[in-house]
Amino acid sequence: MENQLLLKQLSQGNRVVFKKIFEEYYRPLCGFSRNFIPDAEVCDDLVQESFLGLWNKRSDIESYTAIKSYLYSSVRNACLNYLRHQDVKQKSQEDIKALSSDWYAEESIVEEEVHSQIYEAIKELSPQSRKIILMTMNGLTNPEMAEELNVSVNTVKTLKKRAYEFLRGKLKGIHWVLLLLLA
């Protein structure tokens, strides 16, 4: 009966009841959060945010025992979200480091230049050969290309062979760069 009265008073915004709940659960929740996160200040913040959430949802709570469940679930979820955020920050910092390195920048420039030269050479092919080379780059097989273009498989092979010969001649100077990129 007393719990029902406390719950009713909490839902009406009684700060004394809220303070009583805070004092009862604050330390245990901080200890619980330390199982996930070693930083005591972070744990304190997360626990306080959970109490703020409780205060905002006080009128939705249906039983006094639900308060404990809500607080522990809230702290657990806050800890997991914090850890996920830390993982994302760490990954972002690693990405930024990689992007800012001279090596990565030089490799990206070279790779982009090679791609540009390849696509410029492909543009010079006949429309049918260009389609076949682009379809090949997208992983289509000769029979799939033949069916899509409504030509024979031998036509696809012939056009592909001519296109490769043209591209080899056109891209003769960059074959060593292609080998480096593929390695």
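Just so it is clear, the model here is predicted, and its values are computed rather than measured. (Residues numbered from 1 in each chain as written. Predicted model: local features only at pLDDT ≥ 70, side-chain atom pairs only at ≥ 80, totals over all residues. Heavy atoms only, no water.)

Looking at the side chain of Ser 129
For clarity, the threshold we go by: Labels follow the DSSP assignment, with helices taken as runs of H or I lasting at least four residues and strands as runs of E lasting at least two, numbered in each case from the N terminus. By definition, residues are in contact when any of their heavy atoms lie within 4.5 Å.
Relative to the helices and strands, Ser 129 resides in helix H6 (residues 127-137). Residues contacting Ser 129, with those up to four places away along its chain left out, are Leu 159 and Ala 163.

Quick look at the state of the cysteines
Cut-off, in case you're wondering: Disulfide assignment relies on a single distance test, namely cysteine sulfur atoms paired within 2.5 Å.
According to the stated counting rule, one finds zero disulfides in the structure shown. Lacking any disulfide linkage, Cys 30 is separated from the closest cysteine sulfur, that of Cys 43, by 7.0 Å.

Quick word on helix H1 (residues 2-11)
Put simply, the rule reads: Here's how the labels work: a residue is buried when its accessible area is under 20% of the maximum for its type, exposed when over 50%, partly exposed in between, all with a 1.4 Å probe on protein chains only. Within this analysis, the arc is defined by the directions that extend from the helix axis to the C-beta atoms.
Within the sequence span of H1, burial applies to Leu 6, Leu 7 and Leu 10. Along the long axis of H1, the arc covered by the buried residues comes to 100°, so they all point the same way. One or two positions beyond H1, positive phi appears at Gly 13, with a value near 90°.

Considerations on the packing of aromatic side chains
Note the threshold: Here a Phe, Tyr or Trp ring, Trp counted by its six-membered ring, pairs with any other such ring whose centre lies within 6.5 Å, and the pair is stacked when the planes are under 30 degrees apart, edge-to-face when over 60, and tilted otherwise. The rule for a charge over a ring is simple: NZ of Lys or CZ of Arg within 6 Å of the ring centre, and within 35 degrees of the ring normal.
What the rule picks out here adds up to six aromatic pairs. Summarising the aromatic geometry, the rings of Phe 18 and Trp 55 are spaced 5.1 Å apart at their centres and angled 70° between planes, so their arrangement reads as edge-to-face. Of this pair, Phe 18 sits in helix H2 (residues 15-34) while Trp 55 sits in helix H3 (residues 40-56); the two residues are 37 residues apart in sequence, bridging distant segments of the chain. Side by side, Phe 18 and Trp 55 carry an identical accessibility label, which is buried. Taking 5.1 Å as the distance between ring centres and 70° as the angle between the ring planes, the aromatic pair formed by Phe 32 and Tyr 72 counts as edge-to-face. Remark: Tyr 72 occurs in helix H4 (residues 64-100) and Phe 32 occurs in helix H2; sequence separation between them is 40 residues. You can call Tyr 72 partly exposed: its relative accessible area is 24%. What links up through ring pairs into an aromatic cluster is the set Phe 18, Phe 22, Tyr 26, Phe 51 and Trp 55. For the cation-ring pair, Arg 58 lies above Trp 55, with the distance from its terminal atom to the ring centre recorded as 4.0 Å.

Section: the pattern of salt bridges
When the charged atoms of two side chains lie near each other, side chains of opposite charge can form a pair. Rules: Salt bridge, as used here, is a side-chain nitrogen of Lys or Arg placed within 4 Å of a carboxyl oxygen of Asp or Glu.
With the rule as written, the count across this model stands at three salt bridges. The salt bridge partner of Glu 23 is Lys 19, with a shortest N-O separation of 3.9 Å. In this pair, Glu 23 and Lys 19 are both assigned in helix H2, four residues apart and thus about one turn of the helix distant. Here Lys 170 ties to Glu 124 by a salt bridge, and the two come within 3.2 Å at their closest N and O atoms. A residue pair is termed long-range when its members are at least 10 positions apart, and Lys 170 in helix H8 (residues 153-170) and Glu 124 in the loop between helix H5 (102-123) and H6 qualify at 46 residues.

Describing the packing of helix H7 (residues 142-149) against H8
Cut-off, in case you're wondering: To obtain each axis, a line is fitted to C-alpha atoms, and for helices this fit is confined to the stretch in contact; angles are then taken between N-to-C directions over 0 to 180 degrees. An angle below 35 degrees is treated as roughly parallel, one above 145 as roughly antiparallel, one from 65 to 115 as roughly perpendicular, and anything else as oblique. Classification convention: Asp, Glu, Lys, Arg as charged; Ala, Val, Leu, Ile, Met, Phe, Trp, Tyr, Cys, Pro as nonpolar; all other residues, Gly among them, as polar.
Two elements in contact, H7 and H8, have axes separated by 8 Å at closest approach and are oriented at 105°. The orientation of H7 relative to H8 falls into the category roughly perpendicular. Where H7 abuts H8, its residues Asn 142, Pro 143, Met 145 and Ala 146 lie against Val 153, Val 156, Lys 157 and Lys 160. The residue inventory of the contact of H7 with H8, partitioned by class, reads five nonpolar, one polar and two charged.

Notes on unusual backbone geometry
In this structure, Asn 150 takes a positive phi of about 60° despite not being glycine. Mapped onto the elements, Asn 150 comes out in the loop between H7 and H8. For Asn 150, a relative accessible area of 71% translates into the label exposed.

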